[in-house]
Number of protein chains: 2
Amino acid sequence: MPQLAYVDGRIVPLRDARVSVEDRGLQFADSLYEVVAVLNGRLLDWDGHLARLRRGLAELAIDFPMTDAALGIAARHLVAANGQRQALLYLQLGRGAAKRDHVFPKATRASLVMTVRRFDFAARAPQQRSGIKVITQPDLRWGRVDIKTTGLLPNVLAKQAARAAGAFEAWLVTDDGTVREGGSTNAWIVKDGIVITHPMSPHILPGIARATLIRLARDAQIRVEERPFSLAEALAADEALLTSTTAPLLPVVAIDGTPVGTGTPGPMAARLAGLVADEIARQTGWRG
Amino acid sequence: MPQLAYVDGRIVPLRDARVSVEDRGLQFADSLYEVVAVLNGRLLDWDGHLARLRRGLAELAIDFPMTDAALGIAARHLVAANGQRQALLYLQLGRGAAKRDHVFPKATRASLVMTVRRFDFAARAPQQRSGIKVITQPDLRWGRVDIKTTGLLPNVLAKQAARAAGAFEAWLVTDDGTVREGGSTNAWIVKDGIVITHPMSPHILPGIARATLIRLARDAQIRVEERPFSLAEALAADEALLTSTTAPLLPVVAIDGTPVGTGTPGPMAARLAGLVADEIARQTGWRG
């Protein structure tokens, strides 16, 4: 069966799924996206992704007439049509195609593209057991990364640098040494039993996995502090972690080659990973 | 005659010109672009645009096998095929289409798209006579805007704010009050006969019209200083200007509603505009 994609209301083979060369997503990165985990054929945290998408649309003043219900039906229909039980649903929603001009075009129809790609969440298990390494890179991104736009080249370059260094992720650090987040993941440290992550701001993405972890940890009486932390603090932490849709929780065991804590996954990472796994199982029935 | 576009080696009607939904330009803004003025059917400053494009390809490690000569032939062929004498050639060159993943894909073919749109350069004449207004906006862009990527959403939002305020352009200003450039133009002031513009840096685009104006002014024994200037300096300047491919030289007569100098186009703007017009005529034979 060929892979199928959704393009502006039609389901087509992925190889035929195309957009205009004057799509503003292509010419201006005037476009939002979401990546949603599909587990047991079910969408994880759909409502959270939808709320973030709606907020982005409002920030960019993109008029998207489809209702939440219709979008949910279309997304689930595409997932079912692809027949993948473990996958990533990619959804991109832009201002549409128009004669090239920076300012918002009049009467352009927003464009919606969705694709589904098989994704092996179980392949994260060895990374969870051994932990992963991160490097640091300067945070060169624009001042509104809380809006989940497709202007991802700074992230691409940071993650490419990580790959070249044999690391899983690049943590993005300000000139004054604050760790903001990773190229496509939120960043966390653990010190004296307290779980610490950068507060919501224009300089971090409001991660869905981040919000879930804060909620689950607090429900379990674990203290969570949303505050900036420095690279020096991270290097002196007991543990470090990262979270994202594609890596729900991974222990970070080294930063720029320096071991974090014991240099092996710690007890808080294991405990939090258990809470996350329980939540995923509760929502989708999936256990890796 | 339908408008024609170039997509990866083929000339097709613009309405059929499409790219994959997995094009990295669309999903990551992992793509470069150029806008080239076509006057009398000839490309203005083609070598400058080509050199900037090659530099961007090197910065992003995009492998693009087409030679300069072949690219020039393809560009001129498309312009001729469209039959437009005054137009903008838009050229977008990206890393290509691949299964979505931030890191550089292996063995992806770079994608090249070109379009030609009629553009009425003569319509700038009234703006040149009356001058135009700019507003200021915070510079929220990423830290490498010297690379001419399609990650233009911050520019889009700034220019949309300008449009909403009835202004032609938004000048992007840092927290400490430095004027970097406009949303799609370089920014200049004139004080005591000296022409001042922000120096080349990762925080401004190396404008082709900017380089041309510096060369022409210096050849005419006009003193040019490439140094940062503040918004306060701009408000106290004798004159202000902007330059770009689509607006070769326009006098700026107000900033955030405050008149610059006399509030009308000044003598240096007129002199520089004359030099630019002569250069355009020399290269293309066109006079507005």
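What counts, and at which threshold
Residues numbered from 1 in each chain as written. Chains lettered and ligands numbered in written order. Predicted model: local features only at pLDDT ≥ 70, side-chain atom pairs only at ≥ 80, totals over all residues. Heavy atoms only, no water. Helix = DSSP H or I, 4+ residues; strand = E, 2+ residues; numbered from the N terminus. Expected span 1.5 Å × (residues − 1). Buried < 20%, exposed > 50% of the residue type's maximum accessible area, 1.4 Å probe, protein only. Contact = heavy atoms within 4.5 Å. Pairing = 2+ DSSP bridges. Axes fitted to C-alpha atoms, helices over the stretch in contact; angles between N-to-C directions. Domains from an automatic or database assignment. Buried area = accessible area lost by both parts, 1.4 Å probe. Salt bridge = Lys/Arg side-chain N within 4 Å of Asp/Glu carboxyl O. Nonpolar A, V, L, I, M, F, W, Y, C, P; charged D, E, K, R; others polar. Phe/Tyr/Trp six-rings, centres within 6.5 Å; stacked < 30°, edge-to-face > 60°. Lys NZ or Arg CZ within 6 Å of the ring centre and 35° of its normal. Least-squares fit on C-alpha atoms with pLDDT ≥ 70 in both. Polar contact = N/O pair within 3.5 Å; in protein donor to acceptor, adjacent residues only side chain to side chain. Right-handed = clockwise from strand over helix to strand, strands pointing away.

1. Describing helix α6 (residues 208-219) of chain A
All names here are of chain A.
Then step 1. The first and last C-alpha atoms of α6 sit 17 Å apart over 12 residues, in line with the 16 Å expected at 1.5 Å per residue.
Then step 2. For α6, the set of buried residues is Ile208, Ala209, Arg210, Thr212, Leu213, Ile214, Leu216 and Ala217.
Then step 3. Where α6 is buried, its residues touch α2 (46-60), β11 (186-191), β12 (194-197), β13 (224-226), β15 (239-243) and α8 (267-284).
Then step 4. Positive backbone phi, approximately 65°, marks Gln221, located one or two places after α6.

2. Examining the sheet that holds strand β6 (residues 87-94) of chain B
All names here are of chain B.
Then step 1. If you walk across this open sheet you meet the six strands as β2-β1-β7-β6-β4-β5, and the pairing is antiparallel. At either margin of the open sheet sits one strand with a lone partner, and together these are β2 (10-13) and β5 (42-43).
Then step 2. With two bridges connecting them, strand β4 (residues 31-39) and β5 associate as antiparallel partners. The residue bridging Val38 from the neighbouring strand is Leu43, located in β5.
Then step 3. Across the sheet, helix α2 (residues 46-60) lies against β4, β5 and β6, angled at about 180° from β4, the strand it touches most.

3. Points about the domain arrangement of chain A
All names here are of chain A.
Then step 1. As far as domains go, chain A holds domain 1 (4-119) and domain 2 (124-284).
Then step 2. Distance between the C-alpha centres of domain 1 and domain 2: 26 Å.
Then step 3. Each partner contributes residues to the interface: domain 1 has 25 residues there, and domain 2 has 19 residues.
Then step 4. Buried area between domain 1 and domain 2, summed over both chains or domains, comes out near 1,900 Å², and the portion from carbon and sulfur atoms is 60%.
Then step 5. When the area that domain 1 buries against domain 2 is broken down by residue, the three leading residues are Tyr33, Asp45 and Arg52, summing to 33%.
Then step 6. Run the count over domain 1 and domain 2 and you get two salt bridges.
Then step 7. The salt bridge partner of Arg55 is Asp146, with a shortest N-O separation of 2.7 Å.
Then step 8. Of all the elements in the fold, those that place two or more residues in the side of domain 1 that touches domain 2 are β4 (31-39), β5 (42-43), α2 and β6 (87-94).
Then step 9. Ranked by residues supplied to the side of domain 1 that touches domain 2, first place goes to β4 with eight residues.
Then step 10. Along the lines of polarity and charge, the residues of the side of domain 1 that touches domain 2 split into 13 nonpolar, six polar and six charged.

4. Description of the packing of aromatic side chains
Then step 1. A full pass over the atoms with the stated rule returns eight aromatic pairs over all chains.
Then step 2. Seen from their ring centres, Phe119(A) and Phe121(A) are 4.8 Å apart, and the 70° between their planes marks the pair as edge-to-face.
Then step 3. Overall, the relative accessible area of 5% leaves Phe121(A) in the buried class.
Then step 4. Their ring planes at 65° and their centres at 6.1 Å tell us that Phe121(A) and Trp286(A) sit as a pair that is edge-to-face. One end of the pair, Phe121(A), is in the loop between β7 (111-118) and α4 (124-130); the other, Trp286(A), is in the segment after α8, and 165 residues separate them in sequence.
Then step 5. Members of the aromatic cluster, each reached through a chain of ring pairs, are Phe119(A), Phe121(A) and Trp286(A).
Then step 6. We note Arg95(B) situated over the ring of Phe104(B); from NZ or CZ to the ring centre the distance is 3.6 Å.

5. Brief notes about the relation of the copies chain A and chain B
Then step 1. After a rotation of 180° and a shift along the axis of 0.0 Å, chain A superposes on chain B with an RMSD of 0.0 Å. Given the turn and translation reported, the copies of this chain are related as if by a two-fold rotation axis.
Then step 2. Mapped onto chain B, 100% of the interface residues of chain A are again interface residues, and the two copies thus contact each other with one and the same surface.

6. Notes on the interface of chain A and chain B
One frequently used descriptor of interface size is the decrease in accessible area upon assembly of the parts.
Then step 1. Across the boundary between the two partners, chain A contributes 50 residues, which contact 50 residues of chain B.
Then step 2. When chain A packs against chain B, the two sides together hide about 4,400 Å² of surface, and 65% of this comes from carbon and sulfur.
Then step 3. Three residues stand out in chain A for area buried against chain B, namely Leu26(A), His102(A) and Leu153(A), and they jointly supply 15% of the buried area on that side.
Then step 4. Joining chain A to chain B, the criterion identifies two salt bridges.
Then step 5. In this structure, the salt-bridge partner of Glu22(B) is Arg117(A), at a minimum N-O distance of 2.6 Å.
Then step 6. Here chain A is connected to chain B by 18 residue pairs in polar contact (both at pLDDT 80 or more).

7. Things to note about the sheet that holds β4(A)
Whenever strands of a sheet pair, they do so through backbone hydrogen bonds, lying parallel or antiparallel.
Residues and elements named next belong to chain A.
Then step 1. Spatial strand order, β2-β1-β7-β6-β4-β5: six strands in an open sheet with antiparallel pairing. Unpaired on one side and paired on the other, β2 (10-13) and β5 mark the two borders of the sheet.
Then step 2. Bridge count between strand β1 (residues 4-7) and β2: four bridges; the pairing is antiparallel. Counterpart to Val7 in the pairing with β2 is Arg10.
Then step 3. Packing against the sheet, α2 makes contact with β4, β5 and β6, and its axis sits at approximately 180° to β4.

8. Topic: the side chain of Ser20(B)
Then step 1. Topologically, Ser20(B) is positioned in strand β3 (residues 18-20).
Then step 2. Look past the residues within four positions of Ser20(B) in its chain and what remains in contact with it is Ala17(A), Arg18(A), Leu26(B) and Ala97(B).

9. Observations regarding the pairing of strand β9 (residues 169-173) of chain A
Residue and element names in this part refer to chain A.
Then step 1. Across the five residues that make up β9, a large majority, five, are buried.
Then step 2. After leaving strand β8 (residues 132-138), the chain enters helix α5 (residues 153-164) and then returns to the sheet as β9, a path that is right-handed.
Then step 3. Across three bridges, the pairing between β9 and strand β10 (residues 178-182) is antiparallel. When the sheet's bridge partners are listed, Leu172 is paired in β10 with Glu181.
Then step 4. Between β9 and β10, which pair antiparallel one after the other, the connecting turn spans four residues, and Gly177 there sits at a positive phi close to 90°.

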